[in-house]
Amino acid sequence: MDKNVNLALGTGRRKTSVARVYLREGTGAIKVNGRDVNEYFGNPSFVYVVKQPMDATDTLTKYDVVINVRGGGPSGQAGACRHGIARALQVFDETNTKTLRTNGFLTRDPRMVERKKYGQKGARRKFQFSKR
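These lines cover the structure that appears in this document, whether it is placed above or below. (Residues numbered from 1 in each chain as written. Predicted model: local features only at pLDDT ≥ 70, side-chain atom pairs only at ≥ 80, totals over all residues. Heavy atoms only, no water.)

Taking 1.5 Å per residue, 13 residues should reach 18 Å; helix α2 (residues 44-56) reaches 18 Å between its end C-alpha atoms and fits that length. In α2, a bend of some 40 degrees at V50 exceeds every other bend along the element, and P53, a proline, comes one to four places later. Those residues of α2 that fall on the buried side of the exposure criterion are F46, V47, V50, Q52, P53 and M54. Of the surrounding secondary structure, the elements contacted by the buried residues of α2 are β3 (30-32), α1 (37-41), β5 (63-70), α3 (74-92) and α4 (97-102). In the segment just after α2, D58 is the residue with positive phi, at about 55 degrees. (Helix = DSSP H or I, 4+ residues; strand = E, 2+ residues; numbered from the N terminus. Expected span 1.5 Å × (residues − 1). Bend = angle between axes of the 7 residues up to and from the residue. Buried < 20%, exposed > 50% of the residue type's maximum accessible area, 1.4 Å probe, protein only. Contact = heavy atoms within 4.5 Å.)

Let us now look at the environment of F127. Looking at where F127 falls in the secondary structure, it is placed in the segment after α4. Beyond its immediate chain neighbours, meaning those up to four positions away, F127 contacts G119, Q120 and K121.

Moving on, we get to the sheet that holds strand β2 (residues 17-25). Taken together, the five strands give an open sheet; going across it, the order is β1-β2-β5-β3-β4, and neighbouring strands pair in mixed fashion. Here the strands that pair on one side only, and so sit at the sheet edges, are β1 (6-14) and β4 (35-36). Packed onto the sheet, α3 meets β1, β2 and β5 and runs at close to 145 degrees relative to β1. (Pairing = 2+ DSSP bridges. Axes fitted to C-alpha atoms, helices over the stretch in contact; angles between N-to-C directions.)

For the structure shown, the criterion picks out three aromatic pairs. Residues Y40 and F41 carry aromatic rings whose centres are separated by 5.0 Å and whose planes lie at 90 degrees to one another, so their mutual orientation is edge-to-face. Look at F41 and you get buried, because its relative accessible area is 9%. Aromatic rings pair up to connect Y40, F41 and F46 into one cluster. (Phe/Tyr/Trp six-rings, centres within 6.5 Å; stacked < 30°, edge-to-face > 60°.)

Within the chain, K15 stands out as a residue other than glycine whose phi angle is a positive 50 degrees. The topology assignment puts K15 in the loop between β1 and β2.

Across all of its chains, the model carries five salt bridges by this definition. Of the charged contacts in the structure, one is a salt bridge between E39 and R35, with a shortest N-O distance of 3.3 Å. Of the residues examined, R35 reaches a relative accessible area of 36% and is grouped as partly exposed. A salt bridge links E114 to K117; its shortest N-O distance comes to 2.5 Å. (Salt bridge = Lys/Arg side-chain N within 4 Å of Asp/Glu carboxyl O.)

Okay, here's the thing in structure tokens:
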């Protein structure tokens, strides 16, 4: 089989980040925006987060993963990548669903930054009240 044929596609989201994940046959290489996952994220904890779904389903050395991610910061991007990989693994093999669901990889983390309101200093912070 050709290495550049996508076996599955998954879209992952977290905060303001969106990741498009392509699952391909290979040896376990993970590329994020054309760079190696260790080089792109730098922080080992973010790399660990990205690899979690593949580790849980024992597919770390079975597939190559190509990820296009944009928006947000490194934490949100790592979470979006994890969500996308989990969705792609689910699309490719339905038997992975139970494992991914119990570990919480298929649930989109809904926490986002609350918007700033007018007449206030921040999202919740008010201007200092003056009695006189």
